[in-house]
Amino acid sequence: MADESEWIKLPLDDRCIHKVWKARLHGYTEAIKYFGTLDSKSPEFSKFLGIIKKFVVDTNAVAQEKGLDAVLAFLHNAASAHKTSAEVSSGVVLKCLNSSRTKTKEKGIEILMVCIELEKQEVVVEEVMKGLTNKQPKIVAACVLVLRTAIGNFGSKIISLKPIVKSLPKLFEHSDKNVREEAKQLAVEIYRWIGAVFMPSLQNIKPVQMKELEEEFEKIPNKAPKQIRFLKSQQAEKEKFEEAAGDDGESEEEEEARPEVDPFELLPAVDVLSKLPKDFFESIEAKKWQTRKEVLDNLLPLATSPKIEPGDFAELVRVLKKVLSKDTNVMIVTVATKCLCGLAIGLRKKFNPFAVACVGAILEKFKEKKVMVVAALRDAIDAIFLTTTLQSIIEDVLAALDSKNPSVRSETATFLARAIRHCTQATLPKSVLKPLSVALVKKIGDTSPEVRDAVALSLGTAMKVVGEKHLMPFISDLDKIKQDKIKECCENVELATGGGKKKKEKPAAKEPTKPAAAAAPAKSAGPSKAKPAKAKTRPASASSAGKATKSKKKTKASEESEKKMEPAYSPEDVDEKAADALPASMLQQLAHANWKERLAGMEELTTKIHNMEKKDIDCQLYVRLTAKKPGYKDANFQVLKAKFALIGILAEKGKFSRTSAGVCIGGIVEKIGDIKQSATAKETMTSMAEACGLQFVALEAISYAFDSQKNPKNQSETINWFTQAIQEFGFTAIKVKNFISYIKKALVATNPAIRTSAISTVGVMYMYMGAPLRMLFEDEKPALLAQIDTEFQKVTGTSPPAPFRGVKKEEKTDDVDGDDGEDDGDEDVGDVGGGAAPSIQDLVPRVDISDQITSALIEELGDSKWKVRGQGLERVQTILNGNKFITSNLGELPTALKPRLSDTNKILSTNTANICTQLAHAIGPAVKVHVRTLVPGLLMLNCDSKASVRAASITALSAWEEQVGLAPFIEDELLNTVLAKESPFLRMEVFGWLEEKLAKYHTLPSDLALSVPILYAALEDRNPDVRKKAQGVLPLFMMHISYEKCVKMTNKLKPSSKTQVMQILEKQRPNIPAKPEKPGKAKKIKAAEEKKRPKTAPAKTESSSTDTSPVETTTAPTTTTKKKSASKPKATKSSKKQEEEDVGPPVILNNLKDKRFRDEDNLKVLKWNFNVPRDEIIDQLREQMQPCVNSSLFTSLFHADFKHHITAIATLKEAVSSCKEASIGALDIILKWVTLRFFDTNTTVNIKALEFLQVLFNMLADEDYSMHDYEAYAFLPYLILKIGENKENIRKMVRNCIKTITKIYPASKIFQFIIDGLKSKNARQRTECLDELGTLIDLYGINVCQPSPPKALKDIAVQISDRDNSVRSAALNTLVQAYAIVGEGIYKMVGRLNEKDVSLLEERIKRSSKKVKSAAPPKTAPSQESKLTKQDVKKSSLQAPSNDRPSTAPSQTSSNIRNSNVPQVFKLDLDGLGLNDGDSNDNIPQLEDMDHVQDLLTDAVKLPERRLQKPNLTVAQLDFIISQIASNDIAISLQSLKQLDEALQDSDRCKVLTDHVDQLVVTTSLQLRMAFSKYMSDENTSKDVIRMYRCLVALLMSLFQNRMLATKASKDVLCDLVNGLITVLIDNRLESFEEGPQVIRSINMLMVKVLDQSDPTNSMCALLKLLQEYVAQESSSQKFVQLIMKCLWRMVRSMPEIIHDINVERLLLSLHVFLKAFPSAVWKERTNDTPLRTIKTILHSLAKILGAKVLNNLVLINDKNSEVELYLKKIVKNNRKSVGGDHINGSVQETRSHSSSSSKLASPRRASARTNDILAEIFKRIGSKENTREGLAELFDFKCKYPDVDIEPFLKKTSPFFQSYIERGLKNIATEREKAQSEKQRSKENNVTSVDSISSSEGGTPANQDVSTSQLRDRLKVLRARCGLDNGGEAVQESAPVKQGKPELVSSSSIESDTPSGASSHQSEEVIDQRNLMPHLYQPQRITLGSSSSTSSTQAQVPNTNVDDLRKRLERIKKGGSMN
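Residues numbered from 1 in each chain as written. Predicted model: local features only at pLDDT ≥ 70, side-chain atom pairs only at ≥ 80, totals over all residues. Heavy atoms only, no water.

1. Some words on the overall build of the chain
As a reminder, the rule being used: Secondary structure follows DSSP: runs of H or I at least 4 residues long count as helices, runs of E at least 2 residues long count as strands, and numbering of each begins at the N terminus. When a residue's accessible area, from a 1.4 Å probe over protein chains only, is under 20% of the maximum for its type it is buried; when over 50% it is exposed; and in between it is partly exposed. Working rule for contacts: check all heavy atoms of both residues, and any pair within 4.5 Å makes them a contact. Exposure was quantified through the Shrake-Rupley algorithm and a 1.4 Å probe, taking into account, for residues, occlusion by the shown protein chains and nothing else.
Each helix and strand in the chain was counted, giving 100 helices and 0 strands. When the 2020 residues of the chain are sorted by exposure, 48% land in the buried category. Restricting the contact set of the chain to residue pairs at least 6 apart, pairs at least 24 apart contribute 74%. Carbon and sulfur atoms provide 51% of the accessible area of the chain, an area that totals close to 101,000 Å².

This is how it looks when you write it as structure tokens:
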């Protein structure tokens, strides 16, 4: 017992590792309980991380079993449990799996399964695989069992099968029988998951075992297995699995296929290169063919291995290709071809670098006639094609198609057919399809029939892949026979990717009876019918979604082509249309010989077009009218100018097509050189370019100027216009390639003006394209080249202007011109950024140098003598120097250069690296195909000790990276393989190079992670340079891989290395840079902003780093010939416009501020949050600021010189007084710009900026401006950074700024920013922040501390222990200020402090003279305090925030009496009383005469009128009052409520609350919760609760009576408010109070007001959110949920009236979120599904009101399987199918067509297609024998309702006999109706006619008693059923009974009670129809949300207007029944 008493007192972790097993057992037992009580992130778990493995390996069996239970508890409860997975798994394998105790073994396996659930499957499998090599068979068998269990539970996607499959053969050969049996079961389990893919991996086991396995495999059911245990990250899948566990029926429908596993991945790789004989390459070139064949025969088995280990196969492939091409022995060629085929199959994508060279050789070898060789060649080229793409080999294929040998042509075309079978639309783009199709079409008429058939098959296969539409343009010129043959081949071919000649008839046969309106969707759904049955459940509209995603751009392009091109009018058409459109007098004027008449006609025509609508303008007609004789050669310049102006108007206002532009471009170009017409002509051309695209207009104009006319003036001015257009439209608006030839032509023109214009154009292009542009003109004459260089120097460093023109909005899509394939996509107007230029690589012609790479050159490069090798390299350099731009076809050169990179002669290695650099520049991006061959050698060259060699290698690598990017260097483990070589020089250079390059890329391949272990090793390298470079590149690795993954990868390091690496990782973590944006993203954002600029806006300029004058950075001049004078200080003509703009105000007034806030709200712009300003942040501010300031100020703001910044600040300071409104409108961006200046080191700039801020904030305070939160968040954090400056004057200015800001921004919010400043490392900043906090507390009280006083004071108290003395002192002073307010409560608020800090605080409080402010002054009499009036109290509370701060206040004056100790009770505030405003009537009364004393005594005394002016609430005061609502003191809270209620009653003062509604409602909701939870339970305060409730309700009622304020309440705020109100409403404790019922009634009224007045979208979304939260809580009050649903029902009822105010997209998103959280399947298990039915009622109402348009509002729902979308489509579909749901004219209200009675159709406004459909249905019924009578009745009713509709067209289609029958029938019905009407008049008192007999027979009411509508409906329903008329159609609904407790929601309850959940039945639709068609049936009172006592019911009354109609229907049914 003594021993037990010793260990029982030990801590739990010590007991668990005690040497006594009983102590351990006791510890394990306690640990199980203890783990269950801890939070998952509790630090207590960390104590057990190091000892948890000992639980598993306990030597005592009993203790071990209990220890395993403890481990399971630890794994289930600890968040850090995954860290122990490796050691726990190892212990389980070694000590638990061999246990003789069954439970121990089972628990051990369970622990391993839990570790897998913790995402540690790799660790577990690795440890278990180690156990397979254990010497104990028992452990081995148990490990196999664990693997089988893991695969069975988690599936093949979680558990990697590859290592397990590799170990199976050894397990089958194990000596122990149990191991072999377990291996057999494991194999069966694997087969169950992956199927037959597993079979190739079992080839090496014994036949007997294989037979047993096959028998077991056959027993496995053909059903896909399912995962039954899930990872921690798969909780969603786990919930779905648990939900579907009980549904047996669904398993068959939702059966999933087995996970696809590539058998190739499971196969072992064969290392072919290592098994090659040493003399292989010598033997393969032996002269004896037997030797060569023997070597190849030995290679063939290796080469045909299913999977080959990747390696350097370049030499082997080169040799095999050489044999294939040049060997004369057929057998050797065949074997070599088979070897190549095997290598391609075994290497797959790793064979890609050699594919292009091999394909060319094979195609050429097809000339061989031996069948054996050709068959091998076919197999080889098919296998090789799978490793490459058609685009890579297209050049060789085209060359082979032009071969003279018909066999080569035939086999090439056949190969193309086979290759295209493997392509898709994406891999067969137009750039490949076009040249192939052109070449194949040429061979369709080949003399050889084999070639013709093969070509037809290729074209047919291509048609199958891309579609007939895309191929027809290429084969349209062929005759019909050839086209039919191609189409026949298309029908017969079957693609490898799926799709074939079958499955065509299914769509047509599926729904033959669909109406015509559904024909279009049915067609689009056709191709999708061939998909699996699972896709059939999707709606028809979604069937074409797959196509839409692939052909979206092409569809848009085809539509755009139709818009831009239109049929041309003939002269006759023009005359005819002109006669119709224009008066004859105007036409005569336009064609008159007198120019004055023509001018008058043009002016009249221009006026007419100005007054026309866009849709009515026929642009082509008016353009052709202007072109009529004399047309554009009119002799009078005024007429011609009017014509050009008219064309410009048409281009801007009408739908101006390219056809119209083509009519007039030539005429305009003819006059563009005329000095009188030049300006107008250029403006007209610009307008046409905006309408039709700059590419089209410019190309037409320039081609006309240079090809169709010879006037040099026209040519030069056309080029000048083109130059200016480039700057206005942006460089991406043109395809430069089309203009290069004309520019070159202009450069060599004899006219100097043309040359000058062309040189200016080249200069502008240089701004966009840069230095590479010069390459295009290097072949020009030296003199001309010198002029071009001079022009380049002028624009060097100048940023191109941002474009501000573009194609009109309705035409902003890519252009597709069917006439010229090269012009397709001319204008990419979606990207109008000015900086994106086409690559120079796409513009230059390239040379194929493969012919120059001869075999002799290759032999020289491989010669054994270094001089010969050097000569070969020189020859290669000569070839490259002579051809600056070459293709990627280099023949065998890359393979020959590769060994030279590792040449023993360093000079040759360097020269080879230089050649590689040349290759990269010459080939361009296409050099990527040679990366695999040359880049490894370039990287390995860095192993050299010579710096010059390494420098050449790095230069070459950089050149290759510029062309192909960094991804190819990382893919295929290339970089990892090179870095694995332990060379310090290599790692030093490569890591240094990577440090420069990695930062540029947003994403890189995942293979980069493979280099991380090497990087970790380099961090510990002996070489300091290697360590330095590795540390430098480490942050970039973490940027791409993520810090967490890098930390995770340290687990594989040794413990000592891991510690050191982790320290480096932590040290480098702050240096991780932000990822760069994706390419083009910034440009798109910029382009989107630019699109909104007006056409006349000047081009934006960007500041350059050079010191330029403001004139130089202005907009681009109109002509480029005057650029020389731009640098002069004197303004030129080109800058006049800029000078005029500068005269205007510096800050421009606009309304862009709200847009900027919306962009911030919608995350469309970058957040203003940074440590150091980034370039993209500055660029964004530049774009935002340009429209708000004039150009000169803009230039100064963003200039590099600080002097310009000082000038800008001075200008802004002047603008504060002169442009107040504009300064306020641009306040946010001005403050952002000032924050940038805070980062400047120039003190003068900082001081000037702070002075400006002081002036700015004073102005804002005078204007009573309220600073927006976005402005504060962007500015205040950076202002607080400056409070820690070294210079006292700056700190003082910052303090003054903060003091002034309190006048325009709530002090409580400023408090939060300042308290965040305490996190700074700058001690001075912390000190100043603490001083400011103390000042705020002193001025505004303890409630200014946010987010709460205790939290804030705790943060302040932490600073007491700071090492800096000034910080400690400031913290203590601040706490003393708080002590003066809260007293001793300060100690509770600051929390637990150490003794030293507490003593410091106590001492400082004692030393301070501060006393608690709440204590009464000792010398003031109580009577004086009682004299304070209520107005004084209110006034003092409002003015409290405006007190001066003691720390920075000036010396006290006599006016500052308020701070005196003597209270100034009787002090008058004359300003507050308004006595100084001159408004009061303070005239002295005149003395009256004594004679009239009696009259004076009888008159009423008139006192002087004196109006008291109520002071306006400032923002700070308002914020303070609102914060007081949530005060713990009820009296303070009530006082604040009263003050706010008074403010709300005043219409002028309540406007201040506009931006504070959410804040007010939040504090009110908080006080509601406090009253409910705190005050009601306290006996002392419970009496005041009723008063609190009444005041709160009164304030909220006042608030929500104001519609303007009510709509400002947001969704989340309303959610909290409704939650609080309903919570109070159902509180039974209110009944114990006398005024409790009155409170309930008040809250009821308030709820109605909230729902009626607030924004309906926010209201409904808030209710839905609340409903979802309470439905999720099983213990929630049903009464609460019921009241929420009542509110929703009320909103649904009023939905038709408020539908236009509802944001349907947001509402549908909220409904989607609800149904996603609680889908329909969940409600089957619940007893009450009313919430679900409420949701579906809302969806029903939306669908009924909006119709099919509701589906357009699903844009916010990204879930394709959304239940909302499916349900809405179902409703819409049912509405379309049912005739009763048809719209006659597309209106919202729907009409009904009953099958047994005449229809009541709403009168249409006009006849429409739906009217015809209804008539067709009526005539169809008349034609049927059963429904003839019914059809005639419906036709009679139709004619009565729609007398204007002509039914003659329908009658004409019938026979005369049938027409007379219809006429007789209509007359009979008319007679019957008249007779019935007369009978009704006679029996007016007795309403029941012959129907009474039916009623009595059915047990109805007597004949003399009134019949109610419900009874008539019952009878009608019974009679219809008896007569066989109620056949599943519409059912007549009776009024549902009113449920008790829901009197106000009769309609909703009736709907929900009759409609099952999830069903959109006819019945529910009918009820909703009745609500829509007869709203008068429902007369509900206001919503009553009170307690259960409010159960008054209101029965919906049905008017008698429908009774007569029902009787008539009963009578007709009776007659019809008697006839039967």
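2. Here we look at the packing of helix α49 (residues 947–964) against helix α52 (residues 984–997)
Condition: To define axes, lines are fitted to C-alpha atoms, for helices over the stretch in contact only, and angles between the resulting N-to-C directions are given on a 0 to 180 degree scale. For any pair of crossing helices, the crossing counts as left-handed if the nearer helix is rotated counterclockwise from the farther one by less than a right angle, and right-handed if it is rotated clockwise. Each residue gets one of three labels, nonpolar for Ala, Val, Leu, Ile, Met, Phe, Trp, Tyr, Cys and Pro, charged for Asp, Glu, Lys and Arg, and polar for the others, Gly among them.
As a packed pair, α49 and α52 sit with axes 11 Å apart at the nearest point and diverge in direction by 35°. For the pair α49 and α52, the sense of crossing is right-handed. For the pair formed by α49 and α52, the contact residues are R950, I954, L957, S958 and E961 on the first element and F985, M988, E989, W993 and K997 on the second. Looking at the contact of α49 with α52 residue by residue, the classes come out as 5 nonpolar, 1 polar and 4 charged.

3. Concerning helix α65 (residues 1243–1262)
Put simply, the rule reads: A helix is expected to span 1.5 Å for every residue after the first. Any pair of nitrogen or oxygen atoms within 3.5 Å is treated as a polar contact; in protein, a donor-acceptor pairing is required on top of that, and neighbouring residues in sequence qualify only through side-chain atoms on both sides.
Over its 20 residues, α65 extends 29 Å from the first C-alpha to the last, a length consistent with the 28 Å expected when each residue adds 1.5 Å. Those residues of α65 lying buried are V1245, N1246, A1249, L1250, F1252, L1253, L1256, F1257, M1259 and L1260. Looking at the buried side of α65, the elements it contacts are α62 (1202–1218), α63 (1220–1225), α64 (1227–1238), α66 (1269–1281) and α67 (1288–1301). The N-cap residue of α65 is N1242: its side-chain oxygen and the backbone nitrogen of T1244 are 2.9 Å apart. Phi turns positive one or two residues past the end of α65, at D1264, with a value near 55°.

4. Describing the packing of aromatic side chains
The test is simple: The rule is short: rings of Phe, Tyr and Trp, with Trp giving its six-membered ring, pair when the centres are within 6.5 Å, and they are stacked under 30 degrees, edge-to-face over 60, tilted in between. A ring has a charge above it when a Lys NZ or an Arg CZ is no more than 6 Å from the ring centre and no more than 35 degrees off the ring normal.
Applying the stated criterion to the full structure yields 28 aromatic pairs. Plain terms: the ring middles of F1170 and Y1278 are 5.0 Å apart, the flat faces sit at 25° to each other, and that makes the pair stacked. In this pair, F1170 sits in the loop between α59 (1152–1161) and α60 (1175–1185) while Y1278 sits in helix α66, placing the two residues 108 residues apart along the sequence. Overall, the relative accessible area of 6% leaves F1170 in the buried class. Centroid distance F1714 to W1723: 6.4 Å. Interplanar angle 15°. Geometry classified as stacked. Every member of this aromatic cluster is reached through a ring pair, and the members are F35, F45, F48 and F74. Stacked on the ring of Y1043, the Lys or Arg R1069 has its end atom at 3.9 Å from the ring centre. The ring of W1723 has R1726 lying over it, and the distance from NZ or CZ to the ring centre is 5.0 Å.

5. What about a negative patch on the surface?
What counts here: Candidate patch residues must exceed 30% relative accessible area and have no salt bridge, after which like charges are joined if within 9 Å and Val, Leu, Ile, Met, Phe, Trp or Tyr side chains if within 5 Å. Should a side-chain nitrogen of Lys or Arg be within 4 Å of a carboxyl oxygen of Asp or Glu, the pair is scored as a salt bridge. Charge assignment in this entry is limited to Lys and Arg as positive and Asp and Glu as negative, and neither His nor the chain termini are counted. Taken as the charge centre is NZ of Lys, CZ of Arg, CG of Asp or CD of Glu, depending on the residue.
Among the surface-exposed residues, E181, E212, E214, E215 and E218 lie close enough to one another that they form a single negatively charged patch. Structurally, E215 can be placed in helix α12 (residues 207–219). On the basis of relative accessible area, E215 is assigned to the partly exposed category, the value being 43%.

6. Regarding a nonpolar patch on the surface
On the surface, a cluster of nonpolar side chains totalling about 290 Å² of accessible area is made up of W289, M331 and M372. By the secondary structure assignment, W289 is in helix α18 (residues 289–303). For W289, a relative accessible area of 35% puts it in the partly exposed group.

7. Concerning the pattern of salt bridges
Inspection of the entire model under this criterion finds 64 salt bridges. In this structure, the salt-bridge partner of D402 is K443, at a minimum N-O distance of 3.9 Å. Here the residue D402 occupies a position in the loop between α23 (390–401) and α24 (406–420), and K443 occupies one in helix α25 (residues 430–443), the gap between them amounting to 41 residues. When its relative accessible area of 53% is taken as the criterion, D402 is described as exposed. Here K745 makes a salt bridge to D707, at a shortest N to O gap of 3.7 Å. One end of the pair, K745, is in helix α41 (residues 737–747); the other, D707, is in helix α39 (residues 694–707), and 38 residues separate them in sequence. Exposure remark for K745: the relative accessible area of 41% places this residue in the partly exposed category.

8. Notes on the nonpolar core
Put simply, the test is: Only buried residues count toward a nonpolar core, which is a set of Ala, Val, Leu, Ile, Met, Phe, Trp, Tyr and Cys residues joined through side-chain atoms within 4.5 Å.
Formed by 96 residues in total, the largest nonpolar core has its most connected members in L1708, L1711 and I1738. Aside from chain neighbours lying at most four places away, what touches L1708 is L1739, L1742, V1750, N1753, L1754, I1757, V1764 and L1768.

9. As for the side chain of H930
Mapped onto the secondary structure, H930 falls in the loop between α47 (906–923) and α48 (931–940). Look at H930 and you get buried, because its relative accessible area is 10%. Only 2.8 Å separates the side chain of H930 from the backbone oxygen of S888, close enough to count as a polar contact. In contact with H930, other than residues within four places in its own chain, are S888, L890, P894, I923, V935 and W960.

10. Here we look at unusual backbone geometry
Following Q1346, the chain continues to P1347 via a peptide bond in cis, the omega torsion being 5°. Along the chain, the position of P1347 falls in the loop between α69 (1323–1340) and α70 (1349–1358). Phi at L1163 takes a positive value of approximately 60°, unusual for a residue other than glycine. Along the chain, the position of L1163 falls in the loop between α59 and α60.

11. Quick notes on the environment of I51
Among the structural elements, I51 can be located in the loop between α3 (21–37) and α4 (52–56). Classification of I51 by relative accessible area gives buried; the value is 11%. For I51 and D13, which are 38 residues apart along the polypeptide, the C-alpha to C-alpha distance reads 8.1 Å.

12. Points about the environment of V408
As for its position among the elements, V408 is in helix α24. Look at V408 and you get buried, because its relative accessible area is 4%. Measuring from C-alpha to C-alpha, the distance between V408 and I362 comes to 9.7 Å, with 46 residues separating the pair along the chain. The residues touching V408, leaving out its near neighbours within four places in the chain, are L363, E364, F366, K367, A400 and S403.

13. Points about the environment of P1187
Assignment of secondary structure puts P1187 in the loop between α60 and α61 (1191–1197). C-alpha separation for the pair P1187 and A1226, spaced 39 residues apart in sequence, amounts to 9.9 Å. With near-sequence residues (within four places) excluded, P1187 lies in contact with I1148, N1150 and L1152.

14. Brief notes about the packing of helix α85 (residues 1656–1672) against helix α90 (residues 1730–1746)
Selection criterion: For classification purposes, an angle smaller than 35 degrees is called roughly parallel, one larger than 145 roughly antiparallel, one from 65 to 115 roughly perpendicular, and anything else oblique.
Between α85 and α90, the shortest axis-to-axis distance is 12 Å and the interhelical angle comes to 155°. Between α85 and α90, the crossing angle belongs to the class labelled roughly antiparallel. Taken as a pair, α85 and α90 cross one another with a handedness that is left-handed. Of the residues in α90, those touching α85 at M1660, L1664, L1667 and V1671 are P1731, I1735 and I1738.

15. Focus: α62
Here is the rule we go by: Directions drawn from the helix axis to the C-beta atoms are what define this arc.
Taking 1.5 Å of rise per residue, 17 residues should cover 24 Å, and α62 covers 24 Å from first to last C-alpha, within 8% of that figure. Listing the buried residues of α62 in full gives H1204, H1205, A1208, I1209, L1212, A1215 and V1216. Here the buried residues of α62 occupy an arc of 140° about the axis, which is enough to place them on one side. Exposed residues lying more than 90 degrees from the buried face of α62 are K1203, E1214, S1217 and S1218.

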